[in-house]
Amino acid sequence: GNGSSSLSKKPHDESLSELLQQTVAVDGTFLPALADVAWSVCNRNQHGSQSRRARVDVFLNVQDGLPEAIVVPEPKQGEADLARHHIQPGKIYLYDRGYNSLPLIAEHFCMKDGATAEVLSEFVLRLKGDDQTRGTIACAVIEERALSGPDRAAGVVQDRIVRLRSENAIKLGLQNIDFREVVIEYERDGQTKRLRLLTNLLDVSAETIGQLYRHRW
């Protein structure tokens, strides 16, 4: 893409199985709470009755299915905010739409100066919204990438280099970093849906990006 930034990144010529050895799926899970603990949140079901449930955030190693961490959040602490404090170098993190957070994305980089970012860890994040209804993270398209036969067979319809140009992205120093947006079509209940994935994995196939995300849970 255009711009003066340099982006330090590791080459990625590993197979999918090798990538999965580094991959961690992240999610917040609500569990029934028998005790009235401080980190419980009240919710009402469709019948109007009140119950208590508590959230624990799980960092799951997708290769062996074992949790790397199970964390109880602070009161009112969001999933993305908690995840920011548990990122380890050299990992690939898989995030669902609840983690659309620019501060979380920024934690995967070490900002050396105003124009250079070193990748500490990588991620694949499902974006909110589709091509018609954009979500909370705005992406400016820098380059459209050609799709291979395996990409198309995997449902990939777009592979783009993008940058994050919002005011908050600029404040966090993200505006000159090349990211990648991979759009995948899939069928659900007889309807065609679109899955938008944002990642800093620039040197693997779009098909592999989709396969990684499918290992999320």
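Relevant structure appears above.
Each residue is numbered by its place in its chain's sequence as written, counting from 1. Local features in this predicted model are restricted to residues whose pLDDT is 70 or higher, and side-chain atom pairs enter the listing and the counts only when it is 80 or higher, whereas totals over whole chains, interfaces and linings include all residues. Side-chain calculation: all heavy atoms of the structure are included, whereas hydrogens and water are not.

A. Region of the structure containing a positive patch on the surface. On the surface, R97, K128, R188 and K193 cluster together into a patch of positive charge. Under the scheme applied here, a residue whose accessible area is under 20% of the maximum for its type counts as buried, over 50% as exposed, and between as partly exposed, the area being computed with a 1.4 Å probe on protein chains only. For R188, a relative accessible area of 47% gives the class partly exposed. Each patch groups residues whose relative accessible area exceeds 30% and which form no salt bridge, using 9 Å between like charges and 5 Å between nonpolar side chains of Val, Leu, Ile, Met, Phe, Trp and Tyr. Accessibility throughout is a Shrake-Rupley quantity obtained with a 1.4 Å probe, and a residue counts as covered only by protein chains that appear here. By convention in these notes, a salt bridge is any Lys or Arg side-chain nitrogen within 4 Å of a carboxyl oxygen on Asp or Glu. Lys and Arg are tallied as positive, Asp and Glu as negative. Neither His nor the chain termini are counted. The atom standing in for a charge is NZ when the residue is Lys, CZ when it is Arg, CG when it is Asp and CD when it is Glu.

B. Layout of the environment of V72. Strands here are runs of E lasting at least two residues and helices are runs of H or I lasting at least four, both read from the DSSP assignment and numbered beginning at the N terminus. Relative to the elements of secondary structure, V72 occurs in the loop between strand 5 (67-71) and helix 2 (79-84). Spatially, the C-alpha atom of V72 lies 8.6 Å from that of A54, the residues being 18 residues apart in sequence.

C. Region of the structure containing the packing of aromatic side chains. Two aromatic rings, drawn from Phe, Tyr or Trp (for Trp, its six-membered ring), form a pair once their centres lie within 6.5 Å of each other, and the interplanar angle then sorts them: stacked below 30 degrees, edge-to-face above 60, tilted otherwise. On inspection of all chains with the given rule, the structure shows 4 aromatic pairs. Between Y93 and Y95, the aromatic rings sit 6.1 Å apart at their centres with planes inclined by 15°, giving stacked as the arrangement. The class for Y95 is buried, based on a relative accessible area of 2%. Where F123 meets F179, the ring centres are 6.2 Å apart and the plane angle is 50°; that geometry is what we call tilted. Of this pair, F123 sits in strand 9 (residues 122-126) while F179 sits in strand 12 (residues 179-188), placing them 56 residues apart in sequence. We classify F179 as buried; its relative accessible area is 0%. Counting every residue linked through ring pairs, the aromatic cluster contains Y93, Y95 and Y99.

D. Broad picture of unusual backbone geometry. At K76, a residue that is not glycine, the phi angle is positive and equals roughly 70°. Under the relative-accessibility criterion, K76 is labelled exposed at 89%. Residue D189 is not a glycine yet carries a positive backbone phi of 55°. Among the structural elements, D189 can be located in the loop between strand 12 and strand 13 (191-199).

E. Just the pattern of salt bridges, in detail. The final tally for this structure, using the stated rule, is 11 salt bridges. Residues D159 and R180 are paired through a salt bridge, measuring 2.9 Å at the closest nitrogen-oxygen approach. In this pair, D159 is assigned in strand 11 (residues 156-164) and R180 in strand 12, connecting sequence segments 21 residues apart. Grouping residues by exposure puts D159 and R180 together as buried. Between R163 and D178 there is a salt bridge, with its nearest N and O atoms 2.6 Å apart. One end of the pair, R163, is in strand 11; the other, D178, is in the loop between helix 5 (167-171) and strand 12, with 15 residues separating them in the sequence. Neither R163 nor D178 differs from the other in exposure class; each is buried.

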